[in-house]
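Observations on chain architecture
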Amino acid sequence: MSLKLALVQLAVGAQKAVNLANARAKVLEAAKAGANIVVLPECFNSPYGTQYFAQYAEEIDAAQPSESLQELSKMARDGNIFLVGGSIPERDSGHLFNTCTVWNPQGELIAKHRKVHLFDIDFPGRIVFKESDVLKPGNALTDFATPWGRFGVGICYDMRFPELAMIAARRGCVGMIYPGAFNMTTGPMHWELLLRARAMDNQVFVAGCSPARDTSATYHAWGHSTIVDPFARVIATTEDSQDIVYADLDLELIKEVRQSVPIYAQRRFDVYKDVAAAKKEVS
Ligand SMILES: NC(=O)CCC(=O)C(=O)O
């Protein structure tokens, strides 16, 4: 059964209603082009920045869907697709989270991932960012089922932590999907490398979906939404403008790479069973 994956590298601006309308147009364009699973970027309904999260935040209540949730549900239903709805700032009990929702072709919410690893970095002279000033982290791993297999979900900085992808792959996921918004410092250095590393470590498909770059915004996204195959080869990518990245995923490749390079059978958990218990020798 063939599977077409589409990453919508969305141009995101300051007006939520415009972002939602643009997302709908691009998601339905991807669906019309035959995509079965469509992905939106991190913070697809708001500019990315700690100063914006509270203003754009919505509650995620499937019984009483908020503006962005209603739109996501309709996009999935009207496009007859699985939709990985990027992320939105979520408000819950007075706290804010960076949260991805996943929708089935009936427009039902089937998964929700709260970013587990918050983006707190200090790159002297280049970029300081501290999501934890305003956000709380999620505390759970997330995957969802499709007719083509299960997919794990992480959000952006989560991709730097190999454990999420490894656990998803060991649970049988065929791919990892990361809505993300890398920046102009770490993007060129690490974005593609991390996507390929997660694919190589786990012999699964990996996709990273970024917003388009807006040089008038406070945060300049790297763009370069990319799909990587289980051999860790880039099979589709783009530059920094609004675009849709498509790839037909050949799921047989997972079997092929695991037969050729059988790290799954060769892993020595008897030697390194408990990584978390390893002595912490650096601060
Ligand atoms: N939005 C994010 O989590 C950005 C992550 C990032 O840029 C990185 O270098 O990691």
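The residue numbers shown here count from 1 along each chain, following its written sequence. Confidence filtering applies because this is a predicted model: local features only for residues at pLDDT of at least 70, side-chain atom pairs given and counted only at 80 or more, and all residues used for totals across whole chains, interfaces and linings.

Basically, it comes down to this: UniProt positions are given in the numbering used here, feature names are shortened, and annotations may be inferred rather than shown by experiment.
Under an unreviewed UniProt entry, the protein has the name Carbon-nitrogen hydrolase and belongs to Linderina pennispora. If you open the UniProt record of the protein and go to Sequence similarities (unreviewed entry), you find "Belongs to the carbon-nitrogen hydrolase superfamily. NIT1/NIT2 family."

1. Digging into the site of the ligand
The line we're drawing: In this entry, near means the residue's backbone-placed C-beta atom lies within 6 Å of the molecule or strand. Residue polarity is assigned by list, with Asp, Glu, Lys and Arg as charged and Ala, Val, Leu, Ile, Met, Phe, Trp, Tyr, Cys and Pro as nonpolar; anything else, Gly included, falls into the polar class.
Lining the immediate surroundings of the ligand are Glu42, Phe119, Cys156, Tyr157, Arg160, Ala181, Phe182, Asn183, Thr186 and His190. When grouped by side-chain class, the residues that make up the shell around the ligand number five nonpolar, three polar and two charged.

2. Things to note about the sheet that holds strand S14 (residues 234-237)
Worth spelling out the cut-off: Between any two strands, at least two bridges found by DSSP are needed for them to pair. Per the convention used, a helix needs a DSSP run of H or I reaching at least four residues, while a strand needs a run of E reaching at least two, with both numbered from the N terminus. To define axes, lines are fitted to C-alpha atoms, for helices over the stretch in contact only, and angles between the resulting N-to-C directions are given on a 0 to 180 degree scale. Throughout, a residue-residue contact means that the two C-beta atoms, derived from backbone geometry, are no farther apart than 7 Å.
With mixed pairing, the six strands of this open sheet are ordered in space as S9-S10-S11-S12-S13-S14. Edge positions in the open sheet fall to strand S9 (142-146) and S14, since each of these has one partner strand only. Shown here is a sheet whose adjacent strand axes are inclined to one another by a mean of 20°, direction ignored. Bridge count for strand S12 (residues 205-209) against strand S13 (residues 226-228) is three bridges, and the pairing is antiparallel. Its bridge partner being in S13, Ala207 is matched across the sheet by Ile227. Against the sheet, helix H4 (residues 162-170) contacts S9, strand S10 (149-153) and strand S11 (175-179), and its axis sits at roughly 165° relative to S10. Its contacts with the sheet place helix H5 (residues 186-202) against S11, S12, S13 and S14, and it is angled at close to 155° to S12.

3. With respect to the UniProt feature "domain: CN hydrolase" (unreviewed entry) in the protein
Residues annotated in UniProt with the feature "domain: CN hydrolase" (unreviewed entry) correspond here to residues 3-251. Its end C-alpha atoms 8 Å apart, residues 3-251 is made of 24% helix and 30% strand.

4. Looking at the packing of helix H1 (residues 16-32) against helix H3 (residues 67-79)
Inclusion rule: Geometric relationships in this document are graded by angle, where less than 35 degrees denotes roughly parallel, more than 145 denotes roughly antiparallel, 65 to 115 denotes roughly perpendicular, and other angles denote oblique. Whether a crossing is left-handed or right-handed is set by the direction in which the near helix is turned from the far one by less than a right angle, anticlockwise for left-handed and clockwise for right-handed.
Two elements in contact, H1 and H3, have axes whose closest approach is 9 Å; the angle formed by their N-to-C orientations is 15°. Classed by the angle they form, the pair H1 and H3 counts as roughly parallel. Here the hand of the crossing between H1 and H3 comes out right-handed. Here H1 contributes Leu20, Arg24, Val27, Leu28 and Ala31 to the contact with H3, which in turn contributes Ser68, Glu71, Met75, Asp78 and Gly79. Here the residues of the contact of H1 with H3 are counted per class, giving five nonpolar, two polar and three charged.

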